[in-house]
Number of protein chains: 2
Amino acid sequence: MGEVIDKLWRRINENSQRYLGVLNDLLSFPSVSATGEGMDIAGDRVRETLESVGLRSEVYIDHGGYPVVWGELREERHGTLLIYNHYDVQPPDPLDRWTSPPFTPQIRDGRVFARGACDNKGNLAARICALDLLMEVFGEIPLNIKFLVEGEEEIGSPNLKTFVEKHKENLSADACLWEMGGSSPSGRPIIYLGVKGILYLELHAREKRPDLHSSWGAIVRNPALELAHLIASLREKSGRVPVQGFYDDVEEPDDDTLSLLEELREAESEIRAVAGEDGLMTDKPIKDLLNDLLLHPCINICGLHSGYTGQGSKTVLPSSAFAKIDVRLVPRMRPEKVLETLRRHVEKETGGRVTIKPVDMGYPAARTSPREPVVELVTRTAEAAFNSKPLIYPSAAGSGPMYLITDYLKIPCVAAGIGDHLSNIHAPDESISVENYLRGVLHMALIIINFVPFYRSGVAPYL
Amino acid sequence: MGEVIDKLWRRINENSQRYLGVLNDLLSFPSVSATGEGMDIAGDRVRETLESVGLRSEVYIDHGGYPVVWGELREERHGTLLIYNHYDVQPPDPLDRWTSPPFTPQIRDGRVFARGACDNKGNLAARICALDLLMEVFGEIPLNIKFLVEGEEEIGSPNLKTFVEKHKENLSADACLWEMGGSSPSGRPIIYLGVKGILYLELHAREKRPDLHSSWGAIVRNPALELAHLIASLREKSGRVPVQGFYDDVEEPDDDTLSLLEELREAESEIRAVAGEDGLMTDKPIKDLLNDLLLHPCINICGLHSGYTGQGSKTVLPSSAFAKIDVRLVPRMRPEKVLETLRRHVEKETGGRVTIKPVDMGYPAARTSPREPVVELVTRTAEAAFNSKPLIYPSAAGSGPMYLITDYLKIPCVAAGIGDHLSNIHAPDESISVENYLRGVLHMALIIINFVPFYRSGVAPYL
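Residues numbered from 1 in each chain as written. Chains lettered and ligands numbered in written order. Predicted model: local features only at pLDDT ≥ 70, side-chain atom pairs only at ≥ 80, totals over all residues. Heavy atoms only, no water.

Structural notes on the overall build of chain A
Working step 1: From N to C terminus, chain A includes 13 helices and 20 strands.
Working step 2: The C-alpha atoms of chain A give 24 Å as radius of gyration, which agrees with the globular expectation for 463 residues (23 Å, within 12%).
Working step 3: A principal-axis box enclosing the C-alpha atoms of chain A has dimensions of 80 × 45 × 45 Å.
Working step 4: Every one of the 463 residues in chain A was classed for burial, and the buried ones make up 61%.
Working step 5: Expressed as a percentage of contacts within chain A between residues at least 6 apart in sequence, the contacts between residues at least 24 apart total 79%.
Working step 6: In the structure as shown, chain A presents an accessible area of about 17,400 Å², 47% of it carried by carbon and sulfur atoms.
Working step 7: Positive and negative charge centroids in chain A, built from 50 and 66 side chains respectively, lie 4 Å apart. (Helix = DSSP H or I, 4+ residues; strand = E, 2+ residues; numbered from the N terminus. Rg over C-alpha atoms; globule rule 2.2 N^0.38 Å. Buried < 20%, exposed > 50% of the residue type's maximum accessible area, 1.4 Å probe, protein only. Contact = heavy atoms within 4.5 Å. Areas by Shrake-Rupley, 256 points an atom, 1.4 Å probe, with all protein chains shown as cover. Lys, Arg positive; Asp, Glu negative; His and termini not counted. Charge placed at Lys NZ, Arg CZ, Asp CG, Glu CD.)

Description of the domain arrangement of chain A
Residue and element names in this part refer to chain A.
Working step 1: Under the domain assignment used here, chain A contains domain 1 (2-195 + 365-457) and domain 2 (197-256 + 289-363).
Working step 2: With centres defined by C-alpha atoms, the gap from domain 1 to domain 2 works out at 35 Å.
Working step 3: With 17 residues of domain 1 at the interface, the matching set in domain 2 holds 14 residues.
Working step 4: When the two sides are added together, the surface that domain 1 and domain 2 hide from each other amounts to roughly 1,400 Å², 57% of it contributed by carbon and sulfur.
Working step 5: Of all residues in domain 1, Ala 365, Arg 367 and Ser 399 bury the most surface against domain 2, accounting for 40% of the area lost on that side.
Working step 6: Between domain 1 and domain 2 we count 2 salt bridges in total.
Working step 7: Of the charged contacts in the structure, one is a salt bridge between Arg 367 and Glu 251, with a shortest N-O distance of 3.8 Å.
Working step 8: Here domain 1 and domain 2 share 3 residue pairs in polar contact (both at pLDDT 80 or more) between them. (Domains from an automatic or database assignment. Buried area = accessible area lost by both parts, 1.4 Å probe. Salt bridge = Lys/Arg side-chain N within 4 Å of Asp/Glu carboxyl O. Polar contact = N/O pair within 3.5 Å; in protein donor to acceptor, adjacent residues only side chain to side chain.)

Here's the deal with the pattern of salt bridges
All names here are of chain A.
Working step 1: Counted by the stated rule, this structure contains 58 salt bridges over all chains.
Working step 2: In this structure, Glu 266 and Arg 188 form a salt bridge, with 2.8 Å as the shortest nitrogen-oxygen distance. Taken together, the residues span a long stretch of sequence, with Glu 266 in the loop between helix H7 (255-262) and helix H8 (267-275) and Arg 188 in the loop between strand E8 (182-183) and strand E9 (189-192) at a distance of 78 residues.
Working step 3: Judged by its relative accessible area of 18%, Arg 188 falls in the buried class.
Working step 4: With its nearest N and O atoms 2.6 Å apart, the salt bridge here joins Lys 324 to Glu 202. Of this pair, Lys 324 sits in strand E15 (residues 320-329) while Glu 202 sits in strand E11 (residues 197-206), and the two are 122 residues apart along the sequence. Judged on exposure class, the residue Lys 324 and its partner Glu 202 are both buried.

Concerning the side chain of Ser 388 of chain A
Working step 1: On the secondary structure map, Ser 388 of chain A appears in the loop between helix H11 (373-386) and strand E18 (391-393).
Working step 2: Setting aside residues up to four positions removed in sequence, Ser 388 of chain A forms contacts with Gly 187, Arg 188, Pro 189, Ala 382 and Glu 383 of chain A.

Let's talk about the relation of the copies chain B and chain A
Relating one copy of the chain to the other requires a rotation about an axis plus a shift along that axis.
Working step 1: When chain B is brought onto chain A, the operation consists of a screw motion whose angular component is 180° and whose axial shift is 0.1 Å, with 0.1 Å RMSD remaining. Here the two chains are linked by the operation of a two-fold rotation axis.
Working step 2: In this assembly, 100% of the residues forming the interface of chain B have copies in chain A that are likewise at the interface, indicating an isologous arrangement. (Least-squares fit on C-alpha atoms with pLDDT ≥ 70 in both.)

Comments concerning the pairing of strand E13 (residues 298-307) of chain B
Working step 1: Most of E13 of chain B is tucked away, with 8 of its 10 residues classed as buried.
Working step 2: Sheet analysis places strand E13 (residues 298-307) of chain A next to E13 of chain B, joined by 5 bridges and oriented antiparallel. Directly across from Gly 303 of chain A, in E13 of chain B, lies its bridge partner Gly 307 of chain B.
Working step 3: Pairing analysis gives 8 bridges linking E13 of chain B to strand E15 (residues 320-329) of chain B, with the strands arranged antiparallel. Across the sheet, Cys 298 of chain B pairs through a bridge with Arg 328 of chain B, a residue of E15 of chain B. (Pairing = 2+ DSSP bridges.)

What to know about helix H9 (residues 286-295) of chain B
Residues and elements named next belong to chain B.
Working step 1: With 8 of 10 residues buried, H9 lies mostly within the body of the structure.
Working step 2: Among the residues of H9, Ile 286, Leu 289, Leu 290, Asn 291, Asp 292, Leu 293, Leu 294 and Leu 295 are the ones counted as buried.
Working step 3: If you follow the buried residues of H9, they end up packed against helix H7 (255-262), helix H8 (267-275), strand E17 (366-367) and strand E18 (391-393).

A look at the interface of chain B and chain A
Working step 1: On the side of chain A, 68 residues touch chain B, which itself brings 68 residues to the contact.
Working step 2: Taking both sides of the interface into account, the surface hidden between chain B and chain A amounts to around 5,900 Å²; carbon and sulfur atoms contribute 60%.
Working step 3: Considering only the surface of chain B that becomes buried against chain A, Ile 219, Lys 237 and Leu 304 of chain B emerge as the three largest contributors, covering 12% of it.
Working step 4: Our enumeration of links across chain B and chain A arrives at 6 salt bridges.
Working step 5: Where Lys 237 of chain A meets Glu 349 of chain B, a salt bridge forms, and the shortest distance between an N and an O atom there is 3.7 Å.
Working step 6: On inspection of chain B and its partner chain A, the count reaches 38 residue pairs in polar contact (both at pLDDT 80 or more).
Working step 7: Contributions of two or more residues to the side of chain B that touches chain A are made by strand E11 (197-206), strand E12 (212-213), helix H6 (223-234), H8, H9, E13, strand E14 (316-317) and E15 of chain B.

Section: the sheet that holds E11 of chain A
Working step 1: The strand order E16(A)-E11(A)-E15(A)-E13(A)-E13(B)-E15(B)-E11(B)-E16(B) describes an open sheet built from 8 strands, whose pairing is antiparallel. Taken across any chain shown, the strands that pair with only one partner, and hence form the sheet edges, are strand E16 (354-363) of chain A together with strand E16 (354-363) of chain B. Each strand of the sheet is rotated relative to its neighbour by a mean of 20°, with strand direction disregarded.
Working step 2: Pairing of E11 of chain B with E16 of chain B involves 7 bridges; the strand directions are antiparallel. When the bridges of E16 of chain B are listed, Tyr 200 of chain B appears paired with Asp 360 of chain B. (Axes fitted to C-alpha atoms, helices over the stretch in contact; angles between N-to-C directions.)

Considering the side chain of Thr 257 of chain B
All names here are of chain B.
Working step 1: Residue position: Thr 257 is located in helix H7.
Working step 2: For Thr 257, a relative accessible area of 4% puts it in the buried group.
Working step 3: In terms of polar contacts, Thr 257 uses its side chain to reach the side chain of Asp 254, at 2.6 Å.
Working step 4: When near neighbours in sequence (up to four residues on either side) are disregarded, Thr 257 contacts Leu 295, Arg 367, Pro 370 and Pro 394.

A short note on the packing of helix H11 (residues 373-386) of chain B against helix H13 (residues 434-457) of chain B
Residue and element names in this part refer to chain B.
Working step 1: At a minimum axis separation of 8 Å, H11 and H13 run at an interaxial angle of 140°. Regarding the angle of H11 to H13, the classification is oblique. Crossing angle aside, the handedness with which H11 passes H13 is right-handed. Only Asn 436, Arg 439, Gly 440, Leu 442, His 443, Leu 446, Ile 447, Asn 450, Phe 451, Phe 454 and Tyr 455 of H13 make contact with H11, whose side of the interface consists of Pro 373, Val 374, Glu 376, Leu 377, Val 378, Arg 380, Thr 381, Ala 382, Ala 384, Ala 385 and Phe 386.
Working step 2: Taken together, the residues that form the contact of H11 with H13 break down as 14 nonpolar, 5 polar and 3 charged. (Parallel < 35°, antiparallel > 145°, perpendicular 65-115°, else oblique. Left-handed = near helix turned anticlockwise from the far one by under 90°. Nonpolar A, V, L, I, M, F, W, Y, C, P; charged D, E, K, R; others polar.)

Structural notes on helix H2 (residues 16-27) of chain A
Residues and elements named next belong to chain A.
Working step 1: A rise of 1.5 Å per residue sets the reference length of H2, with its 12 residues, at 16 Å; its end C-alpha atoms lie 16 Å apart and thus fit the reference within 8%.
Working step 2: If you check which residues of H2 are buried, you get Ser 16, Tyr 19, Leu 20, Val 22, Leu 23, Leu 26 and Leu 27. Along H2, the residues classed as buried sweep out an arc of 150° about the axis, all on the same side. (Expected span 1.5 Å × (residues − 1). Arc of directions from axis to C-beta.)

Looking at the environment of Pro 373 of chain B
Working step 1: Turning to its location among the elements, Pro 373 of chain B is positioned in helix H11.
Working step 2: Considering only alpha carbons, one finds Pro 373 of chain B and Arg 45 of chain B, 328 residues apart in sequence, at a separation of 34 Å.

Re the packing of aromatic side chains
Residues and elements named next belong to chain A.
Working step 1: Tallying each qualifying case throughout the model produces 14 aromatic pairs over all chains.
Working step 2: Taken together, a centroid distance of 6.3 Å and an interplanar angle of 25° make the contact between Tyr 363 and Tyr 403 stacked. Of the two residues, Tyr 363 sits in strand E16 while Tyr 403 sits in helix H12 (residues 403-408), which places them 40 residues apart along the sequence. The residues Tyr 363 and Tyr 403 share a single accessibility class, namely buried. (Phe/Tyr/Trp six-rings, centres within 6.5 Å; stacked < 30°, edge-to-face > 60°.)

A few points about the sheet that holds strand E4 (residues 106-108) of chain B
Residues and elements named next belong to chain B.
Working step 1: Spatially, 3 strands are ordered E4-E5-E20 in an open sheet, and the strand pairing comes out antiparallel. Since the sheet does not close on itself, it has two edges, and those belong to E4 and strand E20 (431-433), each with one partner. For this sheet, the mean angle separating the axes of adjacent strands, direction not counted, is 25°.
Working step 2: Both E4 and strand E5 (residues 111-113) contribute to a ladder of 3 bridges, which runs antiparallel. Pairing of Gln 106 across the sheet is with Phe 113, part of E5.
Working step 3: Across the sheet, H13 is in contact with E4, E5 and E20; its angle to E20 comes to roughly 70°.

In structure tokens, the structure reads:
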């Protein structure tokens, strides 16, 4: 059966300049949802790219916010795959730390450098090119394909829920392929079966008085001290959140999920490298670390400010202090309920002197069972495409609006993609390797051609 | 004996334009030690002012730093009064919140507005004018007078110790009048018998890794959290410092000192007004509040910073966090030893992950016994000059380099002056009342003419 793979891979390499051209086109326009830069034309440029490989495409703005680009191939086959991507990118700042301009893609040492190369235009381009490839090799696409390409992922997808509700009928599918993913430092493809939910808050401590000379600090309340005590009460040094009710709705991972963690021992060296020497909160074994990282909620301090923070000394008793925190959620936790739980805690701890302000109500978590057929299909095709056994994460540590697919639309969802540990997502010199990009095209093609037979019989005939 | 007072007061009012002119001259040049603005000419301008009323004056720069202006009247009398003031002022920012320009003095509604009007050029001018007055009325000054006017008080007097050591012989005196002071909201003159010491530090939490995506916060150490736990361990919500050894050297106030607190009940309403509604750390009675404010050490958080503090949400796990803190000291506590005590605590709490950086080693506290003759002299003359019974504070809540006078030179020291609760020290629209200024001239004159007889016989003949 390796014959088809060999043929596809040869053809991909023959077509590599064309496929890199599709990627280059997507990377050549800015589409920064946070600032709006380039967003006026971005939706149409994405539609043109989808149409260029024969997809029917349409730009929707009926949900409010930036356009959702819809792409479709209705082949009247007995299976439908929904593909979620986003065309918006993070701001390119700081510009002076880019080796080449962020919206002028450049290939150096076998890598494509540009903002969005990995997150998320590279994934989108690879998926589009797979259709082009299959049409060329087989003359047909043996599966219904639906592309949902939104423009607000980097700002929390505030309008995607409205879109999904409005277009629920059109969004039916057997499975969904999510936007993110990549390879481990040792080259093994990573597959995510879920994401955490998120809630972003500010804590504000304010006194009804102006800043005072710090000598008053002996007897007058200090909001910076109040905030420090509150933060210490929100999270122990070990990471545990000692807030009454915080863990009430946490879904304990089932045995299938826990057994996935056993297979992820290889992640330990990467985790230790990221955390730095003595950088982990606890000295737990790797399986417990992964459990905390992927399957348990947490509260993180993203920012703190109070009083004087310039050079030298200023003796001031500040009148206010604030913290920015994000709360990562696991399945069954609802952002609204978590907010209320934290509000009660803060009220109890501070007697109302600290208030909670939701900055972004975020979304709940999502997770697909490892027993869903799409998980095996994506895993087996990834192994064939990347020549390496995949690492299957029950969830990413990060977040995304995947619950709209899994919980609202009831479609199982997995993520796989073309990034790697050098990709600098959200940072200067974002990049992907050309090899990974082309293998992403192959992976996608293998998912498509095996989809219907695999769903019908459990056999993937083209592997 | 009221006759002499009446005569002096009449003459002060006749001379008021001239005395306001002396003040105006001092206020008309900037002398901002923090930025250096105007400091090139400030010392000479102060020397000229001292000379204009017949003092011998000299500008010293042999201690390093900004000039100390020395003024002297050696009258070969049997008593010497040392007078400490400073001619440097706080930066005038924010300029747009001044009603009139900070270095263009303006009189409105019976008040003189300018940077330094209260802190500390008003006190200096009133003291200088008292000599002019006495020379005019009596033809002589019945006391040796020494003015020590430094230019670095607002930046922590880093070079004053060197000056005092170099000129120790010339600095001998029976008593010293310190720079600050004023009247309570009800018009009672306030006399301070000491100041707290101070030590200014930064706490730095740094991880050996860059900023990370906040999803890592589930297992990777967060320096902002580390810092919050440390701050909570440095100071309880009640204000107590639960640091081993912190209170070891605290001098418990003696009965004389404690009995002064009994007389300060009137301060309660002012304290409550400053703190704002529910703004006090504890609901202790006023005597205990005053004990904490004036006679006990404390740790205050002046500033906090970590991570992202801009608009909206950024999901980041910061790599560093810092706090600025000041420690107010009471007699017998040494800044160096307190620093070591805190260093040990921080090491124990954080395992070396937070470091202490001294920003300003400050100075120890100073206090003069209420039984020193100068206390009674300054108190009785204040009552006569301001027509109101003084409030005697065993210490100010704030700090100053007074220990050089009391502990190094062994000269008893008290503070009394011309400010009030509307003076906006260190803030825009700093001001003093013209009435208070002129009464300050009277107060100083009464101290001088009563000094020698009071020290000789315990009688103040001109009251």
